[in-house]
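# Commentary on secondary and tertiary structure
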Amino acid sequence: MESKEKYEKLLEEQLQSLKNELNNYKKILDTANVLSMPRDNIKEYVYNLLEQQKLILHFFPELSSNLQIINFFLNNNALEIEQVTIALNNILKNDKVKECIDKKEEYKSQIKRIEHTITDLNENSLSTKVSFILKTNITDEEKISILKDLAYESCMKGTFKEEKKEEKEPLIEPEILFPIENEEEKEKITNLKASYSKVKEEIDSLISKNYYLIDGKTSKDLNYIKQMDQIIKKQKEKQSTESPYLDIKDFEYKNITMTILLIDMLEAKQELETLFKKPNASLEDIEFYFNELKEQYSKAQQVDTTLTEDIKEEEKETDDIYFLLDENNNPFFQLDKFNKEDKKRCKSLIEKFEKSIHDYEKGKHHTKLQSRRNLFDIYVNKSSNMCVSYIRTKDNQVLVITFAHLNDIFDESNSIAQNYDNLIESTLSNIENKNTNFINHQQEFFEQFKTNVEVKGDEHR
């Protein structure tokens, strides 16, 4: 099932679940309203109580005997009898009933919240749908795919609105009627211009280095990136330990971050340089754009550092390949459970390591396994539906964690990383120290692995 189809199915299920929850809250609110009605007229109160008897018993089945007593004496026209008063008091003194009555305002609030959520989901509210997607039980890649689709749809709508705006007559900038008289302001502007000249070359150099991120992109492409950036920022604001949301770092969105910073820097530079050419430009405006440019440049420097480190990481070559093995020298995957095609892909993934190919997909960066509890940087490579998770160790070596299908690789790898962190640590230590006994076991296993992934009809190395 395509991720978008899965999302639509999940959305439909979520809407149905919300409708069921809404219906339940409305029923319990109705129950609370009936139970809390004035008792000035006992006969009217009893009539209303018995009229809603089925609803009351749905939430409070333990009240059945008391309602039967009341019904009996009502039918015999004897509501004044003491047993009716006792039965009514038993109902109203019930702890669950009292709690239900006390929570009337809470039920109303929940009803409004659910109705609002349903409306937002039905009316394509972007922030509501993003929040829903990130809580669904689908893979991180499927979430990213859906978020991209939603961002693209949103930016297309935004682009259409912008195009409609552009049809209007352009605004004519009014003439500045009052020239700067303050010599102090003139001096400050001169100083800002000098300060800008000093950093301009460095800023231009950083922009030039990363300009490939926006080179050739259309306004629609850039709008799309801006939409993705807004989605990420909104979710970062909602982030908490109890409810993890999408984070730029979690899904390696450094390129998006840098692209936004490039756009912001170019816009600030253009505004600033235009203001410097105007003899009557406002000091306040110049200070604003100069500070804005400095702030974006500072952020861009940090992102540029991480991007440079990523590029260096990708350019490393692999010297040796090792496997994470338990105390019995068994791996955390079972080749005999894989079919012929799966084994071929396992073999292909190892051959890529031997050729120093670490890309997750051709033309794309490899994926990093994300968990705040993981102590190691674990990456995932993919061949069709087959994946391998691994750690790149010192001296450009690879430690294979496990093989699994795409739907399972992230959960299985996270589980291994969290439950066998000591084993991973000791294995990495053995690799670094070139432990002779360890190396011998690894070589034996590697030969066995290569034999097991060979499929009849394949060429043997």
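Since this is a predicted model, take the numbers as computed values, not measurements.

### Observations concerning unusual backbone geometry
Keep in mind that most residues, glycine aside, have a negative phi and that most peptide bonds are trans. For asparagine 77, which is not glycine, the phi dihedral falls at a positive 55°. Examined against the element boundaries, asparagine 77 turns out to sit in the loop between helix H4 (64-75) and helix H5 (82-92). Using a relative accessible area of 62% as the deciding quantity, one classes asparagine 77 as exposed. Its identity is not glycine, yet asparagine 329 carries a phi of approximately 60°, on the positive side. With respect to the secondary-structure elements, asparagine 329 resides in the loop between strand E1 (321-323) and helix H14 (340-354).

### Quick notes on the nonpolar core
Grouped together as the largest cluster of nonpolar side chains are 41 residues, with contacts concentrated most on Leu49, Ile56, Phe60 and Ile70. For this core, the secondary structure elements donating two or more residues are helix H1 (3-35), helix H2 (42-51), helix H3 (53-59), H4, H5, helix H6 (95-102), helix H7 (104-122) and helix H8 (126-135). Sorting elements by how many residues they give to this core places H1 first, with 11 residues. Apart from the residues within four sequence positions on either side, leucine 49 is in contact with Val34, Leu35, Ile56, Leu67, Ile70, Leu88 and Ile91.

### Overview of the packing of H2 against H5
Where H2 contacts H5, the axes come no closer than 13 Å and their chain directions differ by 55°. Taken together, H2 and H5 sit at an angle that is classed as oblique. Like other packed secondary-structure pairs, H2 and H5 cross with a definite hand, here left-handed. Residues Ile42, Tyr45, Val46 and Leu49 of H2 form the contact with H5, whose participating residues are Leu88, Ile91 and Leu92. Residues belonging to the contact of H2 with H5 are distributed by class as follows: seven nonpolar, no polar and no charged.

### What to know about the sheet that holds E1
A sheet is described by the order of its strands in space; here five strands give the open sequence E1-E5-E4-E3-E2, paired in mixed fashion. Edge strands, defined here as strands with exactly one partner in the open sheet, are E1 and strand E2 (367-368). Here E2 pairs with strand E3 (residues 379-383) via two bridges, running antiparallel. Opposite threonine 367, over in E3, you have valine 380 as the bridge partner. Relative to the sheet, helix H16 (residues 421-433) contacts E1, strand E4 (386-392) and strand E5 (398-405), its axis offset from that of E5 by approximately 135°. Against the sheet, helix H17 (residues 436-453) contacts E1 and E5, and its axis sits at roughly 90° relative to E1.

### Here's the deal with the packing of H14 against H17
Between H14 and H17, whose axes approach to 9 Å, the crossing angle comes to 135°. If you check the angle between H14 and H17, you find them oblique. Where H14 approaches H17, its residues Lys343, Cys346, Lys347, Ile350 and Glu354 are matched on the opposing element by Phe446, Phe449, Asn452 and Val453. A per-class count over the contact of H14 with H17 returns five nonpolar, one polar and three charged.

### Looking at the environment of asparagine 435
Residue placement: asparagine 435 occurs in the loop between H16 and H17. Since its relative accessible area comes to 32%, asparagine 435 is described here as partly exposed. Engagement of the side chain of asparagine 435 in a polar contact is seen with the backbone nitrogen of phenylalanine 438, the distance being 2.9 Å.

### Details of the pairing of E5
Extensive coverage of E5 is indicated by the burial of seven of its eight residues. Pairing analysis gives seven bridges linking E4 to E5, with the strands arranged antiparallel. Its bridge partner lying in E5, valine 388 is registered against phenylalanine 403.

### Points about the pattern of salt bridges
Opposite charge on two side chains allows them to pair when their charged atoms are near. Counted under the stated rule, the structure contains 15 salt bridges. When salt bridges that share partners are traced, they join Lys200, Asp204, Lys269 and Glu273 into one network.

### Observations concerning the packing of aromatic side chains
This structure, assessed with the given rule, holds 18 aromatic pairs. On the basis of an interplanar angle of 45° and a centroid distance of 6.1 Å, the ring pair of tyrosine 25 and tyrosine 107 is categorised as tilted. Placement of the pair is tyrosine 25 in helix H1 and tyrosine 107 in helix H7, with a sequence separation of 82 residues. Of the residues examined, tyrosine 107 reaches a relative accessible area of 8% and is grouped as buried. Taken together, a centroid distance of 6.5 Å and an interplanar angle of 55° make the contact between phenylalanine 59 and phenylalanine 60 tilted. Judged by relative accessible area, phenylalanine 59 falls into the buried class, the value being 19%. One aromatic cluster is present, built from ring pairs that chain together Phe323, Phe333, Phe403, Phe445, Phe446 and Phe449.

### Things to note about the pairing of E4
The buried fraction of E4 amounts to seven of the seven residues, a majority that puts the element mostly inside the structure. What you see with E4 is no split at all: Met386, Val388, Tyr390 and Arg392 on one side and Cys387, Ser389 and Ile391 on the other are buried throughout. When E3 meets E4, the two strands line up antiparallel, connected through five bridges. Within the sheet, the bridge partner assigned to valine 380 lies in E4 and is serine 389. Taking the residues between adjacent antiparallel strands as the criterion, E3 and E4 are bridged by two residues, where serine 384 takes a positive phi near 60°.

Definitions and cut-offs
- Residues numbered from 1 in each chain as written.
- Predicted model: local features only at pLDDT ≥ 70, side-chain atom pairs only at ≥ 80, totals over all residues.
- Heavy atoms only, no water.
- Helix = DSSP H or I, 4+ residues; strand = E, 2+ residues; numbered from the N terminus.
- Buried < 20%, exposed > 50% of the residue type's maximum accessible area, 1.4 Å probe, protein only.
- Core = buried A, V, L, I, M, F, W, Y, C linked by side-chain atoms within 4.5 Å.
- Contact = heavy atoms within 4.5 Å.
- Axes fitted to C-alpha atoms, helices over the stretch in contact; angles between N-to-C directions.
- Parallel < 35°, antiparallel > 145°, perpendicular 65-115°, else oblique.
- Left-handed = near helix turned anticlockwise from the far one by under 90°.
- Nonpolar A, V, L, I, M, F, W, Y, C, P; charged D, E, K, R; others polar.
- Pairing = 2+ DSSP bridges.
- Polar contact = N/O pair within 3.5 Å; in protein donor to acceptor, adjacent residues only side chain to side chain.
- Salt bridge = Lys/Arg side-chain N within 4 Å of Asp/Glu carboxyl O.
- Phe/Tyr/Trp six-rings, centres within 6.5 Å; stacked < 30°, edge-to-face > 60°.

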